[in-house]
Amino acid sequence: MQNKKSTIIKDAVALFAIALVAALALGFVYEITKGPIADAAAKAKAEAYAAVYPEAVKVDAENEELNKKVEESAEFLAANGFDSSRIDEVCIGKDANDKAIGYVMTITSTAGFGGEIKFSLGIKADGTLTKMEILEISETSGLGSKATEDEFKGQFSDVKTDAFTLIKNGEAKADNTEINAISGATITSTAVTTTVNAGLAFANELLSEGIGGVVSE
């Protein structure tokens, strides 16, 4: 009986040692990789901001008043029916003369078929949506993943509107505020379009108050 207890204790100690070594190894790997991962994410975001608003040669992410509005954005979105959207960041886009000319933002939909969809928007001082770029997406390959293709995302470019309307794929558009859904991916199309509208609504709120010195034209 004593030998059996001794064996159990030895096995338990061995398992604990293995678990400890594994945990330390994972922690070490995390510390090594978290920096490059964060750098890659920051680079991707910077590239996306440059893509959605090329005229904004400078991006100011340190405006206290604007950041406070972002922190309070969940309440605004909920009140306006955008429960599945989240404002992650809004920066002031500035031209070469340091004039505030609009906003660039990172925004997330939690209603994607495969999970969250994160993307960036550029919005001019007159409310025009310059462009939309996908940052992160886990939608079905060949279906929802087509949200990253110009055929879909390009529909949002250079349009001044308070909101877009989603219509069936291939259906004739009445104007450029209507978005043809991705065939076989209505959930993805709805998630993206709804969250773009959430971003526009929030940007219009900021413009109405002249937050960050961006004055509505």
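Let me begin by describing the structure that accompanies this report. Owing to the predicted nature of the structure, the values given are computational and were not obtained by experimental measurement. (Residues numbered from 1 in each chain as written. Predicted model: local features only at pLDDT ≥ 70, side-chain atom pairs only at ≥ 80, totals over all residues. Heavy atoms only, no water.)

**Some thoughts on helix α5 (residues 186-209)**
End to end, α5 covers 35 Å across 24 residues, agreeing with the expected 34 Å (1.5 Å per residue, within 8%). Downstream of α5 by one or two residues, glycine 210 has phi in the positive range, about 65 degrees. (Helix = DSSP H or I, 4+ residues; strand = E, 2+ residues; numbered from the N terminus. Expected span 1.5 Å × (residues − 1).)

**Here's the deal with the packing of aromatic side chains**
One pass over the structure, following the stated rule, counts 3 aromatic pairs. Following the ring pairs from residue to residue traces out a cluster consisting of Phe152, Phe156 and Phe164. (Phe/Tyr/Trp six-rings, centres within 6.5 Å; stacked < 30°, edge-to-face > 60°.)

**With respect to the pairing of strand β5 (residues 128-136)**
Sheet topology places strand β4 (residues 117-124) next to β5; 6 bridges connect them, and they run antiparallel. Bridge assignment links glycine 122 to a residue of β5, and that residue is lysine 131. Linking two consecutive strands that pair antiparallel, namely β4 and β5, is a turn of 3 residues; a positive phi of about 90 degrees is found at glycine 127 within it. Sheet topology places β5 next to strand β6 (residues 159-160); 2 bridges connect them, and they run antiparallel. When the bridges of β6 are listed, threonine 128 appears paired with lysine 160. (Pairing = 2+ DSSP bridges.)

**Observations concerning the pairing of strand β3 (residues 100-109)**
Of all 10 residues making up β3, 10 are buried, and the element is well covered by its neighbours. Examined bridge by bridge, strand β2 (residues 85-94) and β3 share 9 bridges and lie antiparallel to one another. Pairing of arginine 86 across the sheet is with threonine 108, part of β3. Hairpin connection from β2 to β3: 5 residues lie between these consecutive antiparallel strands, with aspartate 98 at a positive phi of about 70 degrees. For β3 and β4, the ladder comprises 8 bridges, and the chain directions are antiparallel. Bridging across to β4, threonine 106 finds its partner in serine 120. (Buried < 20%, exposed > 50% of the residue type's maximum accessible area, 1.4 Å probe, protein only.)

**Some remarks on the pattern of salt bridges**
Per the stated rule, a full pass over the model turns up 10 salt bridges. Among the ionic pairs, lysine 68 bridges to glutamate 72, the shortest N-O distance being 2.5 Å. Given the relative accessible area of 39%, glutamate 72 is considered partly exposed. Among the salt bridges present, the one from lysine 118 reaches aspartate 88, with a minimum N-O distance of 3.1 Å. With a gap of 30 residues between them, lysine 118 in strand β4 and aspartate 88 in strand β2 connect regions that are remote in the sequence. The exposure class assigned to aspartate 88 is partly exposed, which follows from its relative accessible area of 28%. Where salt bridges share partners, they join Arg86, Asp88, Glu116 and Lys118 into one cluster. (Salt bridge = Lys/Arg side-chain N within 4 Å of Asp/Glu carboxyl O.)

**Quick word on the sheet that holds β2**
On the basis of which strands lie adjacent, the open sheet formed by 6 strands has the order β1-β2-β3-β4-β5-β6 and antiparallel pairing. A strand with exactly one partner marks an edge of an open sheet, and here the two such strands are β1 (58-60) and β6. Strands in contact with helix α2 (residues 64-71) are β2 and β3; relative to β2, the strand with the most contacts, it is inclined by about 165 degrees. (Contact = heavy atoms within 4.5 Å. Axes fitted to C-alpha atoms, helices over the stretch in contact; angles between N-to-C directions.)

**Description of the side chain of threonine 161**
Structurally, threonine 161 can be placed in the loop between β6 and β7 (165-167). Of the polar contacts made by the side chain of threonine 161, one reaches the backbone oxygen of alanine 163; its length is 2.8 Å. With sequence-adjacent residues up to four places away left out, threonine 161 is seen in contact with Gly127, Thr177 and Leu200. (Polar contact = N/O pair within 3.5 Å; in protein donor to acceptor, adjacent residues only side chain to side chain.)

**Considering the nonpolar core**
If you look at the biggest cluster of nonpolar residues, it comprises 40 residues, and the most contacted ones within it are Val90, Phe119, Phe156 and Val196. Sorting the residues of this core by element identifies α2, α3 (73-79), β2, β3, β4, β5 and α5 as the ones contributing at least two each. Top contributing element to this core by residue count: α5, with 10 residues. Aside from chain neighbours lying at most four places away, what touches phenylalanine 156 is Leu129, Met132, Phe164, Ile179, Val192, Thr193 and Val196. (Core = buried A, V, L, I, M, F, W, Y, C linked by side-chain atoms within 4.5 Å.)

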